[in-house]
Structure formats: structure tokens, C-alpha cells
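Here is how the chains run, residue by residue.
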Amino acid sequence: MNSEALEESNVTTSTNSAQARGFERRAVIDLSAIRNNVKQISDVVAPAAVMAVVKADAYGHGAIPVAKAAVEGGASWLGCAHVTEALALREAGIQTPMLAWLHTEDTPFEAAVDASLDLGVSGWELERVAAAARSVQTPARIHLKIDTGLGRNGSTMDDFPDLLNRASAFQEEGLLRVVGLFSHLAVADEPERPETDEQLHVFNKAIELVEAAGFHLEVRHIANTPAILSRPDAHHDMVRLGLGLYGLSPFENESPDNFGLRPAMKLMTRIANVKKVRAGQGVSYGLNYKTEGETYLGLIPLGYADGLPRIATGAPVTVNGRSYPVRGRIAMDQCVIDLGPEISPEDYLGAEAIIFGEGGQSVNTWAHAANTINYEVVTRISPRVPRHYVEGSWGEAGE
Ligand SMILES: *Cc1c(COP(=O)(O)O)cnc(C)c1O
């Protein structure tokens, strides 16, 4: 242990000991970045509204604090995949309009209507939602979902007239109101591809059908982060902001600051061990890496149980301002970097090790090493890593 940790027993302020403990492993989340990102996007899309998409525990950033910060930053809607995710936000006291769109037979539709959640409806859910509304004696607010080409959820254009007829009957009965129409894009992160034009064209046709059927839509929405940033013609009345909320870019060749976005997550720990080894020392399971000469190895106490992708050998860890690739296999709890023969071990044992984020490399470098996308890297940081919320200043450890 380094001297700072040893001193913990005689520190004079509680902040210091909290700091020493809290650094063990942490995902530092900058809530001022979340607010900044909503503001930036609101400026881009105005007068369209911003729905902050906080599904999957806000892409790993923590749904409740992120949802609150997003609303403070100007988001007028929140979006979740599952009703259960949205109900947890309601239970935390968040009253902002909320939409959930991915349901099964087991979805608690009655609780959803009772909690004033708006519900995405692609087809079969319509009858279930109407029954729930009848049972809790509250009209449901629904957003019809049209499949404009993604091939996942959403009504096909072929089935859409029938869905509109059924919705119309329920609306006349007073069981529900169709307040929205939405769809999801397939390739908006590749702006050169033609399919987005086709999807937007189908969406416009679906809007005409809904309006011709006599519904008065409050919101039409199709744009995700890539379309927000590259397709003003997709903004309609509202945009659904996911990745950009967290300050990450959906485009291969554009960094977040090209759009005024700030990454909100920094993943960090401290080096758990430093030791001198001989040439030819094998490193981690499989012994796939052998040291070239005498060197110091640094032990990083984060592994795939914490959400580091096991495949990401070679991804950079930043220590004392320098990046070191992960050597050998990433294990469940830990991985290893080769610090070279020249270092002073006392400068490294206990030193801050940044996986990604401010002061270190970008999430994208880890995504590349893992053959995946930045969305997945942050979203999979596991519950074993404590989330630590700060305002603007990454290094500050205030509890
Ligand atoms: C996840 C999701 C979004 C957010 O997409 P980003 O690319 O992260 O902005 C928007 N709409 C739907 C339906 C989604 O499932």
C-alpha cells in the first residue's frame, strides 16, 4: 500500500478517508457534462423537444441522477425501453413525461398507466394497454410505433391501417389517447447510406395516415443521436437523445467536441501492485504475453466482472500521464500493464490508473480494442464499480 493509504488511520478529515476508499475502483460521472450535453443538443434541435434516453441504467451512468440532471439541463421527456425502468424513476420522484416502448406479456401495464407513463405500442400491446386503462380507470397515453425499415419493433405499413382502426375504437371508448407516432432508424450513424432517406419518407407517410385517421398528435419522433447530429429533417417535434447525452459521438471520424459534447464517464482505479520481473515472465492466464526484458509489471484491479471487455487486450490504461497497453488476458478481477524497466515503483504503486475518460484515453479506444462500439463499453460497466457523481471537476472526491 502506498503511504497515503497507510495514513488513513490518522487523517484529520473524513473526506480524505472517503477519498482513499473511493478510489479503489470508480466510475466518475460528471453531471454538469450531462446538463451541458442536453443544452447543446436543445440548441441544435430547437424548437423540437429533447427526450433524454436513460434506459439500461442511463447507459451505465446511473439512471436516477442522470435523469434528474438531464431534466435540469432542459430535457422535457425521459425515455426507457422497459416500463419497469420508467417506474423506478417515478418511484424516485421524477414526474417528467416518460415513454417506455419494449413490452412483453409480463409488462405491468396497469402500474404503467397508473404512474402516467406514455406507452409505445407496436401492435398486440394495444389491447393489453386498453384493458389496463379500463382496470385502473385512467385513459392511457400511447405513441404508435411504425417500422420504417429497422425490422425490429413497430407496426409494418401493411398492418398499420388495422392498428389505426383498433386504436380509434379504443380512443372513442375513452380508454386511450394516441398522442405520439414514432419510429427508429437503422443506419443513421452512416450518413452516406441511402436507407435513412427511405425511412424518413415512410415515416412522413405514416404521419399522414395517422392524421387522416383523425388523431391529433402531440409528438412525432424518429431521431436518435446520429440523426440529431446529421439529419435536421429528422427532428420533427422531438428527438430521442441517448449516446450524445453521455457525451459520446456516434460517428467513427468525429469526436464529441466537434458537437460541443463532453464525455460524462471516467473509469478509474489505482494500481494494486507493482513488481520487478525477469525477462520471459509470462503474464496472466494462457501466458500469451512474455516480458522482453527485465521490467516492472503494474496490476490493475479491474477485469471483466467490472465490465472491461475480455477481448480488449492491448487497450490503453493511462498512468502518470502515459498510456500503457493491457498485456496478456483480461481476467475476471484484474489485468496487467507493462511499465518498462525505467520507472520508480514507488511512483506507480497506488497511482491513479485511468481506463478511459478525462486525463486518459477515449471510450472509443477501448471500443476499438474490443471490436465493439462506445455504446457497449460504457453500458457494460458493471454494478461492482461504484458510481461517483461530481460537478465538472473530475479529480475532486467530495462525497
Ligand atoms: C436506445 C434508443 C434511442 C437512443 O439512441 P442513441 O443512438 O443512443 O441516441 C432512441 N430511440 C430508441 C427507440 C432507442 O431504443
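Residues numbered from 1 in each chain as written. Predicted model: local features only at pLDDT ≥ 70, side-chain atom pairs only at ≥ 80, totals over all residues. Heavy atoms only, no water.

An unreviewed UniProt entry annotates the protein as Alanine racemase originating from Glutamicibacter mishrai. Note on the protein: under the UniProt heading Catalytic activity (unreviewed entry), the record states "L-alanine = D-alanine". As its UniProt record puts it under Function (unreviewed entry), the protein is described as follows: "Catalyzes the interconversion of L-alanine and D-alanine. May also act on other amino acids." (UniProt positions renumbered as here; feature names shortened; annotations may be inferred.)

Caption draft 1: Representation of the UniProt feature "domain: Alanine racemase C-terminal" (unreviewed entry) in the protein. As recorded in UniProt, the sites labelled "domain: Alanine racemase C-terminal" (unreviewed entry) are residues 264-390. The span residues 264-390 shows a helical share of 10% and a strand share of 36%, and its end C-alpha atoms are spaced 10 Å apart. (Helix = DSSP H or I, 4+ residues; strand = E, 2+ residues; numbered from the N terminus.)

Caption draft 2: Here's a closer look at the sheet that holds strand 16 (residues 322-327). Strands sit in the order 11-14-17-16-15-18-10-1-19 across an open sheet of nine strands; the sheet is mixed. At either margin of the open sheet sits one strand with a lone partner, and together these are strand 11 (273-277) and strand 19 (387-390). On average, adjacent strands in this sheet sit at an angle of 35° to one another, irrespective of strand direction. Pairing of strand 10 (residues 265-270) with strand 18 (residues 352-356) involves four bridges; the strand directions are antiparallel. Its bridge partner being in strand 18, Met268 is matched across the sheet by Ile354. (Pairing = 2+ DSSP bridges. Axes fitted to C-alpha atoms, helices over the stretch in contact; angles between N-to-C directions.)

Caption draft 3: Fine view of helix 6 (residues 83-91). Listing the buried residues of helix 6 in full gives Val83, Ala86, Leu87, Leu89 and Arg90. Down the axis of helix 6, the smallest arc covering the buried residues is 155°, so these residues share one side. Contacts from the buried residues of helix 6 go to helix 5 (63-72), strand 3 (77-80), strand 4 (98-100), helix 7 (109-114) and strand 5 (118-121). Just beyond helix 6, the residue with positive phi is Gly93, at close to 90°. (Buried < 20%, exposed > 50% of the residue type's maximum accessible area, 1.4 Å probe, protein only. Arc of directions from axis to C-beta. Contact = heavy atoms within 4.5 Å.)

Caption draft 4: View of the packing of helix 8 (residues 125-136) against helix 9 (residues 160-172). At their nearest, the axes of helix 8 and helix 9 sit 10 Å apart, and the two run at 5° to each other. Classified by the angle their axes make, helix 8 and helix 9 are roughly parallel. For the pair formed by helix 8 and helix 9, the contact residues are Leu126, Glu127 and Ala130 on the first element and Leu163, Arg166, Ala167 and Phe170 on the second. Here the contact of helix 8 with helix 9 is composed, by residue class, of five nonpolar, no polar and two charged. (Parallel < 35°, antiparallel > 145°, perpendicular 65-115°, else oblique. Nonpolar A, V, L, I, M, F, W, Y, C, P; charged D, E, K, R; others polar.)

Caption draft 5: Just the domain arrangement of the protein, in detail. On domain assignment, one finds that the protein holds domain 1 (31-252) and domain 2 (265-390). The distance between the C-alpha centroids of domain 1 and domain 2 comes to 38 Å. The partner domain 2 presents ten residues to the 14 residues of domain 1 that form the contact. Between domain 1 and domain 2 lies a buried interface of about 1100 Å² when both sides are counted; carbon and sulfur atoms form 57% of it. (Domains from an automatic or database assignment. Buried area = accessible area lost by both parts, 1.4 Å probe.)

Caption draft 6: Region of interest: the pattern of salt bridges. Applying the stated rule across the entire model yields 23 salt bridges. Measuring nitrogen to oxygen at the nearest pair gives 2.9 Å for the salt bridge that ties Arg141 to Asp118. Highlighted residues: Arg141 in strand 6 (residues 140-145) and Asp118 in strand 5, separated in sequence by 23 residues. The class of Arg141 is partly exposed, set by a relative accessible area of 25%. Owing to a relative accessible area of 2%, Asp118 belongs among the buried residues under this scheme. Through salt bridges with shared partners, one network takes in Glu24, Arg25, Asp306, Asp333 and Arg384. (Salt bridge = Lys/Arg side-chain N within 4 Å of Asp/Glu carboxyl O.)

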